Amino acid sequence: MDSVTFQQDPICRPYRQLARNARLANARLDRACMALKPGEWAATRTSFFPSLKETMVHLLDADRYYIDTLRGDLAGLAKPPGSRATAAEFAAERAEVDDWLVDFCEALTAEALPRKISIPWPDRTLTETVADTLLHVFLHGQHHRGQIHSMLSGTSVAPPQIDEFILTDNSEARVEDLQALEWSEARLTR
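Notes on the structure follow. Bear in mind that the values here come from a model prediction, so they are computed numbers and not experimental data.

Section: the packing of helix 3 (residues 87–106) against helix 4 (residues 130–152)
Now for step 1: Two elements in contact, helix 3 and helix 4, have axes whose closest approach is 13 Å; the angle formed by their N-to-C orientations is 145°. As helix 3 runs across helix 4, the sense of the crossing is left-handed. Here Leu101, Phe104 and Cys105 of helix 3 come into contact with helix 4, specifically with Val130, Leu134, Val137 and Phe138.
Now for step 2: Here the contact of helix 3 with helix 4 is composed, by residue class, of seven nonpolar, no polar and no charged.

If you want it as structure tokens, here you go:
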């Protein structure tokens, strides 16, 4: 995986870093949810979406919706969702979506950031730039990952640490995560 040729444009570096951070944080949350006792993933909890599963599925569905528009596909119709009966099945689909977003951001150029895309909405079509759409995806993801992290506090599994992935001097805290993804520090910090 580290044989990817990266765009060196420093304007796009924050997007690359945010995509990689989301991938690593989602993987940690997925592993925590796969370690839950039976029934805990779908159990009712206090949050806007009433369970870990429903919150995670909402986040994944929203990511897929915006990614479809970034790909140029009709949002929400490009590919049907995978099986989400268990946290492990969910994690496989989550990883696929996250990997696409990382690859997209690693190939991103400054010239692509102002490109306009159309986002179908129930009552109108939004016209947004690639840059603003990506920022929305990343901020929306952080919001819901925080909710997931909080909900995990009421389960049999302690919530994992899900920030500080992209701080250069914190490499010892992510060795196992990078090994699992077959990523190097050079890929993460580029």
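Here's the deal with the side chain of Glu106
Now for step 1: Along the chain, Glu106 falls in helix 3.
Now for step 2: Look at Glu106 and you get buried, because its relative accessible area is 1%.

As for the nonpolar core
Nonpolar side chains in soluble globular proteins generally cluster together in the buried interior.
Now for step 1: Of all hydrophobic cores here, the largest spans 44 residues; its most connected members are Tyr15, Trp41, Leu101, Cys105, Leu108, Leu134 and Leu152.
Now for step 2: It is helix 4 that provides the largest number of residues to this core, a total of eight residues.

Considerations on the environment of Leu108
Now for step 1: Locating Leu108 in the fold gives a position in the loop between helix 3 and strand 1 (116–120).
Now for step 2: In this structure the C-alpha to C-alpha distance between Leu108 and Ala131, which are 23 residues apart in sequence, comes to 9.9 Å.

A short note on the packing of helix 1 (residues 13–34) against helix 4
How two helices pack is summed up by the angle between their axes together with the distance between the axes.
Now for step 1: Between helix 1 and helix 4, the shortest axis-to-axis distance is 10 Å and the interhelical angle comes to 25°. Comparing the axis directions of helix 1 and helix 4 gives the class roughly parallel. Crossing of helix 1 over helix 4 shows left-handed handedness. Residues Tyr15, Leu18, Ala19, Asn21, Ala22, Ala25, Asn26, Leu29, Ala32 and Cys33 of helix 1 form the contact with helix 4, whose own contacting residues are Ala131, Leu134, Leu135, Phe138, Gln142, Arg145, Ile148 and Leu152.
Now for step 2: A breakdown of the residues in the contact of helix 1 with helix 4 according to their chemical character gives 14 nonpolar, three polar and one charged.

What to know about empty space enclosed by the protein
Now for step 1: Taken as a whole and judged by the stated rule, the model has three cavities of 30 Å³ or more.
Now for step 2: Considering only enclosed or pocket space, the largest cavity measures out at about 40 Å³ in volume.
Now for step 3: As for the largest cavity, its lining consists of Asn26, Leu29, Asp30, Met56, Leu59, Phe90, Arg94 and Ile148.
Now for step 4: At the level of secondary structure, the elements contributing two or more residues to the lining of the largest cavity comprise helix 1, helix 2 (52–71) and helix 3.
Now for step 5: A total of three residues in the lining of the largest cavity trace back to one element, the largest contributor, which is helix 1.
Now for step 6: Of the residues contributing to the lining of the largest cavity, the split by class is five nonpolar, one polar and two charged.

About the cut-offs
Residues numbered from 1 in each chain as written. Predicted model: local features only at pLDDT ≥ 70, side-chain atom pairs only at ≥ 80, totals over all residues. Heavy atoms only, no water. Axes fitted to C-alpha atoms, helices over the stretch in contact; angles between N-to-C directions. Helix = DSSP H or I, 4+ residues; strand = E, 2+ residues; numbered from the N terminus. Left-handed = near helix turned anticlockwise from the far one by under 90°. Contact = heavy atoms within 4.5 Å. Nonpolar A, V, L, I, M, F, W, Y, C, P; charged D, E, K, R; others polar. Buried < 20%, exposed > 50% of the residue type's maximum accessible area, 1.4 Å probe, protein only. Core = buried A, V, L, I, M, F, W, Y, C linked by side-chain atoms within 4.5 Å. Parallel < 35°, antiparallel > 145°, perpendicular 65-115°, else oblique. 1 Å grid on protein atoms, 1.4 Å probe; cavity = no way out; pocket = protein on both sides within 12 Å on 5 of 7 lines; lining within 4 Å. Points joined across faces, edges and corners; volume = space filled by probe spheres on them.

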